[in-house]
Amino acid sequence: MGLGKGLPSSVPVVESDFVFSAISEELGGVFAICLILVYLSSYIMFVNIAMKMKKQFYKLTAFGLSVVFIFQVFLCVGGVTKFIPSTGVTLPLISYGGSSIMTTIIIFSIIQGMYVLNGREEESLEEERKSEGKRKRDGKRRARNRS
C-alpha cells in the first residue's frame, strides 16, 4: 500500500513475534527481502570468521553461535510466512524485548572477540617467525666470521 499506508496495527503480537510481517506490511516486500539479505550476510560473515580460526575450540564456538543466530532468524521469518509453525522466537535486533537484543549482541561480541584474538595470535606467530629467522641468519654470519 505504500509507506505509512499499511496496517501493521492489525497484526497480532506485532511488538515481538510478528514484527517481520509488520515491517513487510509497512515498508514492502523489497525491504523485507533486503532485511533477510542483511541477516544472511551476517551469517556468512560469521562462518567466514569461524573458518579463519586456527584453534578448533574457537572455530566450533563461532560456527555454533552463527548457526544459533541464523536458526533464530529462520524460526521467526518461517513462522511469520507460515512456512513452519510459529514458535514465538523474536527477530534478532529488531523485535521488542531486552533479553533477545542482549543475547544477539552478546553473540556478535563473542564472535568479534574471537576474531580479534585470532588476529593477535597470528601477528605474534609472524613476529616469532621473523625473530627466529633473524637469529638463524645472525648465527650463520657469526659462523662465517669465525672461519
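Residues numbered from 1 in each chain as written. Predicted model: local features only at pLDDT ≥ 70, side-chain atom pairs only at ≥ 80, totals over all residues. Heavy atoms only, no water.

*Asks:* Any chance you could explain the overall build of the protein chain here in plain terms?
*Replies:* Summing up its helical and strand segments, the protein chain has 4 helices and 0 strands in all. For the protein chain, the succession of helices and strands along the chain, N to C, is α-α-α-α. Over its C-alpha atoms the protein chain spans a radius of gyration of 24 Å, topping by over 25% the 15 Å that the globule rule assigns to 147 residues. In terms of overall dimensions, the protein chain has a C-alpha envelope of 90 × 30 × 25 Å along the principal axes. Looking at the protein chain residue by residue over its 147 residues, the buried ones come to 30%. Across the protein chain, contacts joining residues at least 24 apart in sequence account for 53% of those joining residues at least 6 apart. (Helix = DSSP H or I, 4+ residues; strand = E, 2+ residues; numbered from the N terminus. Rg over C-alpha atoms; globule rule 2.2 N^0.38 Å. Buried < 20%, exposed > 50% of the residue type's maximum accessible area, 1.4 Å probe, protein only. Contact = heavy atoms within 4.5 Å.)

*Asks:* I would appreciate a short explanation of helix 1 (residues 19-27) in the present structure.
*Replies:* Note: α-helices contain 3.6 residues per turn, so residues at a spacing of three or four share the same orientation. Buried within helix 1 we find Val19, Phe20, Ser21, Ala22, Ile23 and Glu26. Tucked inside the fold, the buried residues of helix 1 contact helix 2 (29-52) and helix 3 (56-80). Count one or two residues on from helix 1 and you reach Gly28, which has phi positive near 105°.

*Asks:* Explain helix 3 to me, please; I cannot follow it from the model alone.
*Replies:* Helix length check: helix 3 (25 residues) gives 36 Å between terminal C-alpha atoms against 36 Å at 1.5 Å per residue, within 8%. Looking one or two residues beyond helix 3, the residue adopting positive phi is Lys82, at roughly 65°. (Expected span 1.5 Å × (residues − 1).)

*Asks:* Any chance you could explain the nonpolar core here in plain terms?
*Replies:* A general feature of soluble globular proteins is that nonpolar side chains tend to end up buried together. Formed by 24 residues in total, the largest nonpolar core has its most connected members in Phe20, Leu35, Tyr39, Leu91, Ile111 and Met114. It is helix 3 that contributes the most residues to this core, 8 residues altogether. (Core = buried A, V, L, I, M, F, W, Y, C linked by side-chain atoms within 4.5 Å.)

*Asks:* When you look at the confidence of the model for the protein chain in this model, what are you seeing that I'm missing?
*Replies:* The predicted structure's coordinates, where accompanied by low pLDDT, should not be read in detail. Mean pLDDT for the protein chain: 84, with 94% of residues reaching 70 or above. Within the protein chain, the element-level pLDDT minimum falls on helix 1, averaging 82, and the maximum on helix 2, averaging 93. (pLDDT = per-residue confidence, 0-100.)

*Asks:* Any chance you could explain the pattern of salt bridges here in plain terms?
*Replies:* Once their charged atoms are close, side chains differing in charge can pair, the charge on each being opposite to the other. Counted according to the given criterion, the structure contains 1 salt bridge. A salt bridge links Glu121 to Lys55, with the nearest nitrogen and oxygen atoms 3.5 Å apart. In this pair, Glu121 sits in helix 4 (residues 98-146) while Lys55 sits in the loop between helix 2 and helix 3, placing the two residues 66 residues apart along the sequence. (Salt bridge = Lys/Arg side-chain N within 4 Å of Asp/Glu carboxyl O.)

*Asks:* Even after reading the chapter, I still don't get the packing of aromatic side chains, so can you show me in this structure?
*Replies:* Ring pairs (aromatic) are described by centroid distance and by the angle formed between their planes. Inspection of the entire model under this criterion finds 7 aromatic pairs. Between Phe46 and Phe69, the aromatic rings sit 5.7 Å apart at their centres with planes inclined by 75°, giving edge-to-face as the arrangement. Here Phe46, found in helix 2, pairs with Phe69, found in helix 3; they are 23 residues apart in sequence, far enough to count as distant. Phe69 shares its class with Phe46; the two are buried. Ring centres of Phe74 and Phe83 lie 6.1 Å apart, and the angle between their planes is 80°; this geometry places the pair in the edge-to-face category. Using a relative accessible area of 63% as the deciding quantity, one classes Phe83 as exposed. (Phe/Tyr/Trp six-rings, centres within 6.5 Å; stacked < 30°, edge-to-face > 60°.)

*Asks:* Sorry if this is basic, but what is going on with unusual backbone geometry here?
*Replies:* You will see that Lys82, though not glycine, has its phi angle at about 65°, which is positive. Considering the arrangement of structural elements, one finds Lys82 in the loop between helix 3 and helix 4. By relative accessible area, which is 67% here, Lys82 ends up exposed. Of note, Leu93 is a non-glycine position whose phi angle comes to about 65°, a positive value. Take Leu93: it is sitting in the loop between helix 3 and helix 4. Among the residues examined, Leu93 registers a relative accessible area of 41% and is labelled partly exposed.

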